[in-house]
Every structure is written in structure tokens, then in C-alpha cells.
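# Descriptive structure summary
The residues making up each chain are set out below.
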Amino acid sequence: FIQRRGRAGHTVGGIAYTLMILGNTPSDHFYLFRRNRLVYGTFELPLNPQNPIVRAMHDRLRDERQRMRQLIRQFRSQTGIWRWIWETLERCYLIDRYYGRQLAAQRGRSMSQQKGFVKGWIAREKATLESYLSLRWLLREIEDESPDELRNIAEEALNAVNGFLTNQGISAEEVGQRLETLYTGLGRIRFRETDPEARGRLQAIQDRVMRVWDALGQQAWGIELRHAEGLYDFFRTLERLYAQPWILNSAPDALKIVLQAMFYLHLGLEDSDEPGGCPSRVDYFIPEAYFQEVKPVVVEVRYETETGRPPDLRQEDVTDLATLLIPYKPVYRYHAHPFLSVVDTEHNPAWVSDDRRTVQIRLQAEGVRREGVLAPQKVYVKPLRSDDQGQQVVKICPQCYAIYSINRQRRCHDNLHAVKLYADPIVERSYEALTTRPITRTLRFLERMQGATTMRGSDVRAFTVVRNDNQYTITRNIFRQFQALYETPVRYSLSTKGLAWNLADVVECVLRDGVLRQQVEQIVVQDNRKTLDDNLVLHTAAHLLHKAIAAISGVNEQVLEYWYDPTRREVVVWERYEGGAGISEIFVDTLRSNPTEVYRELLASVLCPVDLAERQDWTSSDNLRAELANRWQLSPDDGFIASVVQEAESERQMQAQRQAEETRLVCRPPQGPDGCPACIHTTYCTDRDRQTLTVSRLVGEAILRCLVRRASRDEVETLMNEAITQDTTPPTILTADPGQGVYDVLLL
């Protein structure tokens, strides 16, 4: 913004206009209410040069570049690059285990012969592994599309193949018999069928059965199923070496492609898979460009069977598992309209509870399973065709709760129903502070911490959709409302940095406020009455700190996570970057150099322009400015107070124009829920739609009142001496009356 604004003002004597179009993201909302930041603010890039993950990645790149450089000096450019590629392949334990003899046979041949061999080797093994690994998808398609009278036979064949692949004592002969029975049954039905389209569909299913049998024969080459996934991703990535003739002669491109391939090959391997270690192992994803997040979760995107398009590999931030890649949340992401993308899950009618309110689902994912949770390294995404109107309408089976494309005509375990899905994640977070440093009386900098997020599933609402001709209309009638719970919860953890806020004294202070309790507990939200307790205070405080850190560091709220611990009465906010990105350090620097700025940002989440506009006890901007300045111990000329008053005036004018509108924003109780998106609410609340009940603007005000104490001169000196002894930021004097010896002190 600053750069473009400067360019617009190059003409001498001219007037520069800068037009900024805001979207609907938290950062847009932030600048809407803090627009002076764009014109008068400064920006410091959050950057952590000591990030251990980034340093490890760069150290590996440095070592590999040095090894390649030595080979180039010894053999010249093209030969040196190829020697580095060949050495990296040969010294890999897993490649040597499965392909060592093939590589050894090529050792004495010319570079052009070796290049030709590797090109053919990649194509051949990729095709073989693709056929082998597509078994699970072929089997599910067969089971899904088989006629109802063959459903049991299809399920038996599926179970037999799964048992064979996972070494559960199922023989190849038994698998063959099951597949032959299914193939014969399909042929019998096809022979009786008179509809050409139906016969073609049955023929396609028969062809898939044969492909399954052919693929099973590939197990003869001795590759374990748990290694086949990594090998396939390895060959698929390594294939890019031959995408353009010049790539094999480009050191940076060859280096990046080979190291990315090695990352995929070793993803999820245990130490026992490589006794003695592997010099070619890469533990960190080498990004396509700088500033791309590292160590992602791999997303395998599958496409419609009819296209014949092979799956793609994508990298996503692992934290997307709790925001984007959640069950029953179809999104426009990887597939072109009218197809939606949704995480692939397995369903069974037996997994639905008797009251139909809970369903267990199995996430199709790869990763490490320990202590009853899955640490995901790869998830699968499939396409669902939606309506042409773009309303994200799909179909659902009322028995097993599986979801399908809108154009599917066949039933599942029952007739399918068209629905519009809304899904919110069911998330639990925890944290462990490893290295801490006190910054103020209540705030600690977590220089090293472990933040863990457990994704248990999603809360789902499926609304009935009515079709008239080719148009779909979403009704307000809920067809099903249920919790979809993963059979094995998904957990990811980050070694990162953050801030901890000890609120033991503040919680006691707030809970003692009888007037506040009466105000809060009179508020009813969606037939539920708010309760003033530890959870409400801590969750509100978490929002305050979460929004303040995002505002001061200038980042989107989504790059931060928070949680609170009622037993310790503590709130923690951490960065969603492995190793930390420098966001916490910016906030710590502001706490030390300008704690009043932190106080203002905390106030920004409770001095709501919507709430102030709804109040009837002020008649002019001067009146409101004086009242707010006096209440919060800031100067009436303070720029923050002035901007709050200006926004309240603008909001009051807008409310006067929208009095008749049902959708106008309301904050102040009893009409409002005691909070709104313009103040204490956040897009990334852990309670999502329930935050109207679980956070409170009134409680936020009470928290900030408890952080300001009226003290005498002696008390101020005592507080200052304590800060010096503890090496923390001294308390900030907001207002002072030296003649009376009275001071209002901010005790963050």
C-alpha cells in the first residue's frame, strides 16, 4: 500500500488518490477499523532468522550445493550435476533395497545411457506403483457402483483384498475367488440388461475388477505396501527432471527436484525402515520459493475417473486440517467448477449412533499412529460434482451419511437426498512451555513451546434442498444435524513461539464483580443463558490477546492459534509456524518499548463502535470522547480515542438508515449477544458459531479495568523496584496527580 501510494504521488503539484478495495478477511476488517495505520503507521516484517526448521533446511541445501560444486569442479558442469543425482540415488537405503541391483548394472555406462535408463525406470515404476496403489480407489468405486444385488459380494471382495494387502492371513487364491465371483455376477446382470447405457456401466465395472486383479499381481516384485506410497510420490516428483531438456543441466532445479523427491520417499518412515540411517534422507520439504511454509501436510488430489487424469500432489499448511480440510466441508479448492473438493472419508451404516446424532468416520490419510491419534503426513481429497448454480449442493445417504455428487442417481444404503452442508471443526488444543522469559508482571514470552491441536471431526448441519426443473433451492429445514467424529483423531503439533498470559488475579477480580455478574447472566443467546465463570473470562481474554498480537505485528489472525487452561488460569497464543516466524518478538518489543500501545489494542476489542452507537447516553462526539478518555485513563486528545469516537458516530448514522433491516449488526444486550464481529468476536474462534455464548464484551471491559490500579507514590516505587529486580517491563503510569500523590498504573 505504501509503495503504491508513493508511486501515485510522483507528479509535482498533483493530487494522488489511492483506492483500496477491502474483502471479507480478518486483515481487511482490521484495516477497516484502523485505517490510520495505512497512512501513518509503520510496518516491521515478522521474520525469525533463528527459526530452527528454516536453518536446518538451509544447512542441508548448503551441504548439498557444496557436494554438487565439488563434483562440477571435478567433472565439469553437466557431468557433475548428473554425478550428484546418481550418487544421491545410490546412497539411499530404500532405493538400494528395492533397486540396488538395477542401478549397479548401470554403474559403468555412459552418462547418456544412465539418463536414458533413469527416464525409463521412472516411467515404468511410476506406472506399476500407480496401478498397485489405485487398488483402494478401484475397490471403493466397484463397491459403490455395483448393483444392489451384488453389494454383499462386492463388500466381501473388498474385505478380502484389504486383508491380503495388510497381511491378515488372506491368500491370493481366496482373493481371486472373490473377484471371480464378482466378475461373473456382473457379467450375468450385464447379459440380461437391455439399456445400452447401463450395459456400458456394468462393462466399466468389470474392467475395473480385472484391473484390481492385474494390480495385485504386482506384489510379486516384493515392495511392501507401506513403502509403495512413498516410492510412488518419489518417482512422480523425480519425473520432473525430464519435463524440459534443460532441467538436467540446471543445478538449482535438479537439486530442488531430487531433494523434494527424497522428502516424499522418506515421509512417515520409522527408524527401523532404515537401519543405520540414510544419508539421502530429507526431513524438511524444500519449498518452490522463499517464504513458502515448510514441513507441510501432503494433499493427494484425485480427479473424476472418467478424465483418466492421474492424481496431483499438493502441499498445504498442516494447520489447514483444522480449518480447511475438515469432514463434510466441500470447498472450491483443487477442482474446477462445478466440482467441489472434500477430504475423503470412509462410511458405514453401523458407525451411525442409534439416535442418528453421531457418526464415526474413517479419514483416508497416511501418517504415524501413536497413543490413539494420527499424526498426518498425507491426506486424500476427492471431487464432488455440485449444482451449476454454485450453491455447493451435494447428496447424502441418510443411513451411512456418505456424501455424493449431485448428479448421482443410484442409491447408497437408502435413497439419496440433496442437501447444503455446513461444517464446523471439533478442535481441542493444548500446549507445553519449554523455555520462558517474563516480560511483564503477567505476560511471559515462550521462546520454545510445543503447541498441539487435536482435530476430532466436525459439527454438521445438512439443510434440505428442493429441486425444481434444473434449479436447486436451499430451504431452512434441517435434514440432519450430527457430529462426525474421526475413528482416530488427527493431531498435529508445532515447535514454535508464543505468549502466555497469567490471569489468576484478574479472574478473581472479575468474578468478584457482582454488578457484572448480574449484567452478564441476564443475557440469553439462542435460548442459553451466559454464565460468568473461569471459562468465560479466560476465553474472552484469549480473544483480547489473540487480536492484539495480530494487530501489533500486522499479521492475519489465522496465522495464530490460542488456547486457555482453566486449572492454571492462563491464556496462551502461539504462532502457526514451525520454529516461529518472529511475530512473538515484535509483540514482545512493543510490550517493552510502548506498553500503552498494547493497552490500546486490547481496548480496541471492547470499545465497540456498534455498541457505542447503540447507547443513548451521549449526544455529541466531545461528550463521548471525554467519557471514554476518563473511563480508560487516556488523554481526550489520544488518537485512538478520537478514531473510536469517529467510528461510533459513523455507525450511529448507518444504524439510523438501517433501522428497518433485520440483518443490521447488533452488539449491545438485550437485543445483541454482548459482542459482535466489530469488537470481541474473531473469525478463528475455537468455538466458531458458539462464540456469541462463550465470549463477552462486558467481561472484556472488566478484564481491562482489573489491569489498571490506582496507587500511591510509595506503591508505584515498590512496583518499579519489583520490575527492576525481576527484569520485566516497569508498570506504565497512565494518569498522574503528583500533588495528591495518586497514579493510575497499567499492570500488564
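The sections below set out a description of the structure shown in this document. Values in this document were obtained by computation on a predicted structure and should not be read as measured data.

Turning to the overall build of the protein chain, a few remarks are in order. Across its full length, the protein chain carries 24 helices and 19 strands. Expressed as a percentage of its 748 residues, the buried residues of the protein chain come to 50%. Taking the contacts inside the protein chain whose residues are at least 6 apart along the sequence as the reference set, 67% of them involve residues at least 24 apart. Counting only carbon and sulfur atoms, one obtains 46% of the accessible surface of the protein chain, whose full area is about 36000 Å².

To continue, consider the pattern of salt bridges. On inspection of all chains with the given rule, the structure shows 52 salt bridges. R631 is paired through a salt bridge with E701; the nearest N and O atoms lie 3.4 Å apart. Here the residue R631 occupies a position in helix α20 (residues 621–631), and E701 occupies one in helix α23 (residues 697–706), the gap between them amounting to 70 residues. Salt bridges here are not isolated pairs; linked through shared partners, they connect D513, D611, R615, D617, E627, R631, R668, R697, E701 and R705.

Between helix α14 (residues 504–511) and α23, whose axes approach to 9 Å, the crossing angle comes to 120°. As the angle between them shows, α14 and α23 are arranged oblique. When you trace α14 past α23, the crossing you get is right-handed. Residue-level contacts link V506, C509 and V510 of α14 to V699, A702, I703 and C706 of α23. Here the residues of the contact of α14 with α23 are counted per class, giving 7 nonpolar, no polar and no charged.

Residue P338 follows H337 across a cis peptide bond; omega there is 15°. Residue placement: P338 occurs in the loop between β2 (312–316) and β3 (339–343). The phi torsion at R76 lies on the positive side, around 80°, for a residue other than glycine. Examined against the element boundaries, R76 turns out to sit in the loop between α4 (52–75) and α5 (77–90). The exposure class assigned to R76 is exposed, which follows from its relative accessible area of 69%.

This next bit is on the environment of V161. Looking at the element boundaries, V161 is found in helix α9 (residues 151–165). As a C-alpha pair, V161 and V175 span 14 residues in sequence and 6.0 Å in three-dimensional space.

Take a nonpolar patch on the surface next. Judged by side-chain polarity, Y183, M210 and W213 come together as a nonpolar surface patch covering roughly 280 Å² of accessible area. Mapping Y183 onto the fold places it in helix α10 (residues 172–192).

Taken as a whole, this structure holds 1 disulfide when the rule is applied. For C509, the disulfide goes to C706, at an S-S distance of 2.1 Å. Disulfide C509-C706: torsion about the S-S bond near -80°, hence left-handed. Of this pair, C509 sits in helix α14 while C706 is found in helix α23, placing the two residues 197 residues apart along the sequence. C92 takes part in no disulfide bond, and the closest cysteine sulfur, belonging to C278, lies 4.0 Å away. Residue classification places C92 among the buried residues on the basis of a relative accessible area of 0%.

Let us now look at the sheet that holds strand β17 (residues 708–712). Across the sheet, which stays open at both edges, the 3 strands sit in the order β17-β19-β18 with antiparallel pairing between neighbours. Whereas interior strands pair on both sides, the edge strands pair on one side only; in this sheet they are β17 and β18 (732–737). On average, each strand axis in the sheet is inclined to that of its neighbour by 25°, with strand direction left out of account. Where β18 meets strand β19 (residues 742–746), 5 bridges bridge the pair, whose relative direction is antiparallel. In the strand pairing of β19, I733 is matched with V745. Sheet contacts for helix α18 (residues 595–604): β17, β18 and β19; angle to β18, the most-contacted strand, approximately 95°. Lying on the sheet, helix α24 (residues 713–726) is in contact with β17, β18 and β19; it crosses β17 at an angle near 115°.

Reading the values: the criteria
- Residues numbered from 1 in each chain as written.
- Predicted model: local features only at pLDDT ≥ 70, side-chain atom pairs only at ≥ 80, totals over all residues.
- Heavy atoms only, no water.
- Helix = DSSP H or I, 4+ residues; strand = E, 2+ residues; numbered from the N terminus.
- Buried < 20%, exposed > 50% of the residue type's maximum accessible area, 1.4 Å probe, protein only.
- Contact = heavy atoms within 4.5 Å.
- Areas by Shrake-Rupley, 256 points an atom, 1.4 Å probe, with all protein chains shown as cover.
- Salt bridge = Lys/Arg side-chain N within 4 Å of Asp/Glu carboxyl O.
- Axes fitted to C-alpha atoms, helices over the stretch in contact; angles between N-to-C directions.
- Parallel < 35°, antiparallel > 145°, perpendicular 65-115°, else oblique.
- Left-handed = near helix turned anticlockwise from the far one by under 90°.
- Nonpolar A, V, L, I, M, F, W, Y, C, P; charged D, E, K, R; others polar.
- Patch = residues over 30% accessible without salt bridge, like charges linked within 9 Å, V, L, I, M, F, W, Y side chains within 5 Å.
- Disulfide = S-S within 2.5 Å.
- Pairing = 2+ DSSP bridges.

By themselves, these observations are geometric and do not establish any function.
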